[in-house]
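Architecture and fold: a report
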Amino acid sequence: MRIVVLVSGTGSNLQAVIDAVAAGELPVEIAAVGSDRPDTYGIERSSAAGLETFVVNFKDYAARADWDAALLDAVAAYEPDYVVSSGFMRIVAPGFISAFEGRYINTHPALLPAFPGAHGVRDALAYGVKVTGCTVHFADAGVDTGPIIAQTPVTVLEGDTEETLHGRIKEAERALLIQVLGELARP
Ligand code: GAR
């Protein structure tokens with residue numbers, strides 16, 4: 001199973017996938033790692049791991065449609081079975097969704113449909129929930145919407161900050177992403 005992973009930031013969840021593949025625990029080939037911005041640690045750590053990388057810098061495109069087309073071309077060139085959005089903080093165009101229908105996976109640090117968007121952990125904490133968690137789902141053209149594949153609950157602890165809570169959610173998220181990719185790779 002060939003995957004392309006898209007990141008916008010540090011790519012710590014991606015690192016867990018890289019490690020699981022390297023350890024022979026996940027029968028997946030990471031064809032490439034792509035980003036919407038230059039100089040991300042996610043791209044740096046992927047290069048260090050010897051993976052192919054590409055950047056389709058959002059800021060290089062005057063028209064949004066041109067960036068959409070460039071991203072689709074860049075990803076499609078690797079002919080992936082699945083595309084994984086792992087902390088990729090851009091909503092992709094409907095054309096991207098239809099090109100990878102049922103094959104575009106996103107992870108989110110909350111129990112969707114609660115707390116979608118870029119601040120899922122902060123928003124859950126501010127609301128005062130006692131349980132939050134993470135979601136792996138098939139993404140559609142909405143913000144963190146689309147059919148849910150799997151979720152893990154995470155208890156909010158007294159005194160949690162966004163950072164401490166996100167840290168525990170990410171631990172759960174890494175395990176869940178690896179589990180889902182494993183199930184897709186070994187149907
Ligand atoms: C992850 O927690 C992921 O769920 C979240 O960004 C983090 C990326 O961490 N994504 C979203 O909030 C999408 N709405 P990482 O770059 O260290 O893997």
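Just above, that's the structure.
Residues numbered from 1 in each chain as written. Predicted model: local features only at pLDDT ≥ 70, side-chain atom pairs only at ≥ 80, totals over all residues. Heavy atoms only, no water.

Counted by the stated rule, this structure contains six aromatic pairs. On the numbers, 5.1 Å between centres and 70 degrees between planes, the contact of Phe-96 with Tyr-104 is edge-to-face. These aromatic residues form a ring-pair network of at least three members: Phe-58, Trp-67 and Phe-88. The lysine or arginine in question, Arg-90, covers the ring of Phe-58, its NZ or CZ lying 3.6 Å from the ring centre. (Phe/Tyr/Trp six-rings, centres within 6.5 Å; stacked < 30°, edge-to-face > 60°. Lys NZ or Arg CZ within 6 Å of the ring centre and 35° of its normal.)

If you walk across this open sheet you meet the seven strands as β3-β2-β1-β4-β5-β6-β7, and the pairing is mixed. Two strands lie at the open edges of the sheet, namely β3 (53-55) and β7 (148-155), each paired on one side alone. Averaged over all neighbouring strand pairs, the angle between strand axes comes to 20 degrees, with direction disregarded. Both strand β1 (residues 2-7) and strand β2 (residues 29-35) contribute to a ladder of six bridges, which runs parallel. Note on β2: the bridge partner recorded for Val-4 is Ala-32. Sheet contacts for helix α1 (residues 12-22): β1, β2 and β5 (104-108); angle to β2, the most-contacted strand, approximately 160 degrees. (Pairing = 2+ DSSP bridges. Helix = DSSP H or I, 4+ residues; strand = E, 2+ residues; numbered from the N terminus. Axes fitted to C-alpha atoms, helices over the stretch in contact; angles between N-to-C directions. Contact = heavy atoms within 4.5 Å.)

Moving on to the site of the ligand. For the ligand, the set of nearby residues contains 14 residues, the closest of which are Thr-10, Gly-11, Ser-12, Lys-170 and Glu-173. Within the contact set of the ligand, a nitrogen atom lies 3.2 Å away from a side-chain nitrogen or oxygen of Asp-144. Relative to its unbound accessible area of 450 Å², the ligand is 93% covered by the protein chains. Listing elements by their share of the shell around the ligand, those giving two or more residues are α1, β5 and α6 (162-185). Of all the elements, α6 adds the most residues to the shell around the ligand, at three residues. Looking at the shell around the ligand, its residues break down into two nonpolar, nine polar and three charged. (Near = heavy atom within 4 Å. Polar contact = N/O pair within 3.5 Å; in protein donor to acceptor, adjacent residues only side chain to side chain. Areas by Shrake-Rupley, 256 points an atom, 1.4 Å probe, with all protein chains shown as cover. Nonpolar A, V, L, I, M, F, W, Y, C, P; charged D, E, K, R; others polar.)

α6 packs onto α1 with a crossing angle of 45 degrees between their chain directions and a minimal axis gap of 9 Å. On the basis of their axis angle, the class for α1 and α6 is oblique. The element α1 and its partner α6 pack so that their crossing is right-handed. Residues Ser-12, Asn-13, Ala-16, Val-17 and Ala-20 of α1 lie in contact with α6, whose contacting residues are Lys-170, Glu-173, Arg-174, Leu-177, Ile-178 and Leu-181. (Parallel < 35°, antiparallel > 145°, perpendicular 65-115°, else oblique. Left-handed = near helix turned anticlockwise from the far one by under 90°.)

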